[in-house]
Every structure is written in structure tokens, then in C-alpha cells.
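# Survey of secondary and tertiary structure
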Amino acid sequence: MNGSLGQHDTRNGRRRSSVDGIGFNPKSECSVLVIYSGGTIGMASKNGALEPKPNALGDYIRRCPFLHDEEYYKRRFGGRNESSVFVLPVTKGAQRRVIYTLEEYEPLLDSCNMNSDQWILIAENIKNSYKSYDGFVILHGTDTLAYSASALSFMFENLGKPVVLTGSQLSLFEPRSDGKDNFIESLVIAGNYPIPEVTICFGRKLLRGNRTTKMDAEGFSAFKSPNATPLATFGSLIEVKYHEIFRPTKIEEFKVHPILNSNVALLRIFPSITAQTVRAFLQSPIEGIVLQTYGSGNFPSNRLDILEAIENAIKQGIIVLNCSQCTRGSVTNDYQTGQVLSKIGVIAGGNMTPEASLTKLSYVLAKDWSIEKKKEMLQGNLRGELTVTKIDTKQIIKLMSMQKLKLDQFTASKVIIPALLFDAVDKENTDCIDQLIKNGGDLSQPNLDSRTPLHIACCKGKEKLVKFMLEKGASVHSKDRYGHTPLTDAVLNDHHEIITMLVNCGAHLLMDKELLGEKLCEAASHGDLMRLNSYKIAGGDLRQPDHSGRTALHMAMLHGHEECVRYLAQEGCDRTAKDIMGLTPEDYAARVGYQDLAALFDRNLTATDVDM
Ligand code: ASN
């Protein structure tokens, strides 16, 4: 699939740019869509106050050599005027060149002025551009960034690509801005690291969006995720904690749930709160409340008036979710003052942030589920907002002996566990794979050639193993050193069931159209029917010409592969399609004496003609 970059037009109150035509070379380049929603990062002072400055960021980026490589851009795009397209200069940690498209929204907003309408707009935008880019960056104000990141994390179901939110404390137009590092690092992650999560890149850290809160109104490390370790840190090296990454485990394509329920609220308990205040909060049309309690989810158990108001609301179908006022730690059932809430049906929110709790409630309430299912989902871990996998070292040593690997020293989880995973995949030992994942292993962690265990399973054609791995969250979008995804490997080994499964899971071909044409011609010139069918199942168009305008049908006719000709005819390939020399498949056949092949077209071909 080609990346698509292009010119501006204005639709739905936002500036868009997505015109097909520029193919990416997946070996050396990656494509990122940058959605610019507003925030300090693009603000300038007007009448003594900071405000978003429309149509200024792109011009600034083009003049800034840290953010844009004009030389590469000119070489790459020649005379074409791609005014919203930029090229990130070569930078450490980015294996591939990041080519990014800037899409500026109208109006640009201070994030304080954003609400769920903008979350839905951004979510739909990403859905519509999903297959054209390797990853997405959202430039956003910091004040409500944690709310947006949390909401998007829930709205994105089966996300397979990185979505990175970032912003800054000082405008990018200011020489001392923190925006430059935040932006560059977000681009590097979105293009080069297939982390299928909604994250926040800020202050040299990559944090899970729904674990994060803005903790500092001034400092450059404004965001913290007190209950979860960063997914990556940026030093001279980019250290990704692969075992911490949350991955979808359903064999389903990416989709957006574009509805949120607004009848939710945050109620913070304080020592002298009145029952009247609590009752006012629980009035119709409210459908769900996040109750912010003390310490580990504790509540004044001697306040029977408030407890009664909450209990009545729950009986009427309002969902009450308990989350702590403390930024670190979890809601527990340790105290009598906490147990009073669980007894009346308040749901424990674990160690979720208030932002995650509120947006999760909004998402769950908008689903067409029974109230029991809604409550169950609120307590479950949907997008990594609740769980942390811990590495149990003793268990790992046991697993090493199970795999018959004699390693004297336990060096580091990032060396041994990935090695064990590859070994377990090779031996098709799913019990072992399962155990390794429970101990911090990650099926999408690449080896030195950037190949993942899923690449291997797809090459080997192990259908059950691939299904098992996808259900454990293996990424279908990981690219190896040669730009091959697991789908490429399945196609090159003609494993049709696996190709179907990967496509059902959101995988798509990642190559220029003409390159696909070349591959089809190559298969047809060898009479390789299986391969042609592999590309078809993977979503390829069998009529696609190569750079010289030749189609698979030209080559099948030229080399006299009758079966292929029948198959391609059945697939609707055109015997009159001309290559750049004006020659049709029939001309090719005629020149080498295979005129009789053309006659195959005159017969009424049916599906039974070619036995696949
Ligand atoms: N008020 C700004 C915003 O949230 C703050 C910032 O971006 N640093 O848009």
C-alpha cells in the first residue's frame, strides 16, 4: 500500500491533505500523518496572551533544518509542490527516513477549548488515513492532552499502529522550546517503532496515554504516569520496553468506536461535602460518576446520608466508579472505609487515572451492552489502563531449562526472553510461548534483522501458531530490515490461510503499485499460479501493470502458461491492455507463436476452469 501525501483542501472544518500518488519505499522510508489540533506548540503572543497562530507552523518547519531536510525533499519530490509534506533529517534511532504530512485543523484550539467532538474528529481522521501511513502524531495542547489520549485509546479498537500525542510548554517559535525534541521524537516513534498504542511523547519519555496525567504547569517533564513505567525513554539511544507494550488480542481489524456518552462526571469527595451536593451530581441525565475517594479508595463510612444517596443512584442504574485522589497506588478493599463502597455496588477502578476512568466510563456507557457487561468491562483491562506485567526471574530460569538452553548467566530480559521466544516459535511450543509472555516476553519484539516471531511463524506456514500469536497480540505491521511484514512472508511462501487471517487482522500489502505489478509479472512468467493467488488473497489487484505497463497476463501469454492465462482471464485481466510500447498480451503471444492462447478468452470461462 502506498503512502499518500498531497495538497490541502478544507473539509469538515479542518485542513486536509491526502491525495494519492507518492509511493514510499518501505525499506528506507516511512510515512507519518501529523494532525495539528492546536496548543502552545504553535502559539504566538497576541495582545499579551498566547493564542494559536494559523498557517504558520508549516512555514516555520520548512525553514528549520532540524525538522526538515530540504535537500532530500527536492531530490525525492523533484519539481512537485507538496506544500504539506516534510522530511525529517537523518537522526539516531530512526532506521527509516520519516516523510510526514502536516494536516492543520481549522480552527486551531487551545486544548482547554476542546471536547469530545474533537476527539471524534481526530479518531475519524485517523481511521480514514489508517492504511496510508505507518503512524500518526497529534500536535495538541498540554492542558487536556491526557484526557484526549485516554479517550482515543478507548475509541481505537484493535489499534495496530502508533498514535503519538505531543505538544510543548514553550512555543516551537521560541528558541528554547521543548517542542522541537518532543516533535522529533514523536515522529521517530510513529514512523519507526510499531508500538500499537495511543502514547504521549513528552520530556524525553514515551508514556501510555491512558496512564498519564499532567502534573506540572511549567516544567518540561509535565507528564507523569505514576502507576506505569514509561514505554520508552530517549537518551543517546531510544530504549523501548517491549514487554510493557499493550497489544490487542482479537483477530479483528482496526476500527473506531465514534460515540462517547457525555452524561458522566467526576465527583471529588472532601471532608465536609454535603449530601445535597452529592445528590445534585447524581441527578438525571447523569449515567455514570467517577468518585474520587481518599487513599486506597476509602470513603467516610460514618456519612450515611451520602452513602444512601449513592446507593439509591446505583439502584436506579447509575454506574459509580471508585478511583483514588492519590496519583500513585490503587483502590483496594483493605479498609472498612473502602469496603462500604463495594458493599453498595460501587465499582473499584484499580489504579486508573481520573482521565482514564472518566473517558473509559464515557466509552463503556456508549456501548450497546447490558449494565452487567458494562460493569464487567469497566473493571477489566481494555487498553493497558490497569495492568502491568512483572518479570519473575525464577520462572525465567526454569523456562530456560525447559527449552534445553544452557545459559550460565541471566543477562537481561531483552536478550534471553526474545531468544527463548524465537526458539519456542521454531519448536511450536505454545505452552512455552504463553509462559514467556506471562513473564514479560513480547511477540512483536524484533531481532537484529527487525524480524519478529510472527514473521517466522508466517514463513513456516504454521496456521494454528499464527492464530495463537495474533490472539496474544503479535503485531501484523512489524517490518523487518528488508521492509517485509509477516504478510509479505506469508505471500512469499504461499500460505493462503495465513494470508487470509493476517488480512482479517488488518494487514495489507506495503509496496508501490508498480512494484506489485513487477511481482505479478514475475510470478506469471514462471507460471506460478499459487503466487498469483497469494497476491490476490492479500488484496493485490491482478490487473496491476509494472513500470513498463506490462501485466501478469502479458507475461503468461509470452511464456505460454495456459493455466495462468485461464486464471487471469477469469480474474478479469484485460487482453487488450497495452504496455508502453503499445503491445497487448495478444501481441506478445502472437510474436512467440502462442496465438491459440488468445482463443481461451473467447470461451466462456467459469470458476471450474482453473482448479486452485
Ligand atoms: N493552554 C495550552 C493548551 O493546552 C497549554 C499548552 O499547550 N502548553 O493548549
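On a predicted model such as this, the values are computed, not experimentally measured, just so you know.

### Looking at the side chain of Ser 186
Of note, Ser 186 is situated in helix α5 (residues 179-192). The exposure class of Ser 186 is buried, given its relative accessible area of 0%. At 2.6 Å, the side chain of Ser 186 forms a polar contact with the backbone oxygen of Asn 182. When sequence neighbours within four positions are dropped, the list of residues in contact with Ser 186 reads Val 137, Val 164, Thr 166 and Cys 201.

### Topic: the sheet that holds strand β18 (residues 264-268)
Across the sheet, four strands lie side by side as β18-β19-β20-β21; this open sheet has parallel pairing. Since the sheet does not close on itself, it has two edges, and those belong to β18 and β21 (347-348), each with one partner.

### Some remarks on the pattern of salt bridges
Tallying each qualifying case throughout the model produces 34 salt bridges. Among the ionic pairs, Asp 442 bridges to Arg 247, the shortest N-O distance being 2.7 Å. Taken together, the residues span a long stretch of sequence, with Asp 442 in the loop between α13 (430-438) and α14 (453-460) and Arg 247 in the loop between β16 (238-240) and β17 (255-256) at a distance of 195 residues. Note that Arg 451 and Asp 489 form a salt bridge whose closest N and O atoms lie 2.7 Å from each other. Taken together, the residues span a long stretch of sequence, with Arg 451 in the loop between α13 and α14 and Asp 489 in helix α16 (residues 486-492) at a distance of 38 residues. Take Asp 489: its relative accessible area is 4%, and that puts it in the buried class. Here the residues in one salt-bridge network are Glu 157, Glu 252, Lys 255 and Lys 367, joined through shared partners.

### As for α13
Along α13, the residues classified as buried are Cys 432, Ile 433, Asp 434 and Leu 436. The first or second residue beyond α13 is Gly 440, which carries a positive phi of 105 degrees.

### Brief notes about unusual backbone geometry
Geometrically, the link from Glu 106 to Pro 107 is a cis peptide bond, its omega value of 0 degrees lying close to zero. With respect to the element layout, Pro 107 can be found in strand β7 (residues 97-109). Cis peptide bonds are those with omega within 30 degrees of zero, and the linkage from Ser 284 to Pro 285 qualifies with 10 degrees. You will see that Asp 494, though not glycine, has its phi angle at about 55 degrees, which is positive. Following the sequence through the fold, Asp 494 ends up in the loop between α16 and α17 (496-504).

The rules we used
- Residues numbered from 1 in each chain as written.
- Predicted model: local features only at pLDDT ≥ 70, side-chain atom pairs only at ≥ 80, totals over all residues.
- Heavy atoms only, no water.
- Helix = DSSP H or I, 4+ residues; strand = E, 2+ residues; numbered from the N terminus.
- Buried < 20%, exposed > 50% of the residue type's maximum accessible area, 1.4 Å probe, protein only.
- Polar contact = N/O pair within 3.5 Å; in protein donor to acceptor, adjacent residues only side chain to side chain.
- Contact = heavy atoms within 4.5 Å.
- Pairing = 2+ DSSP bridges.
- Salt bridge = Lys/Arg side-chain N within 4 Å of Asp/Glu carboxyl O.

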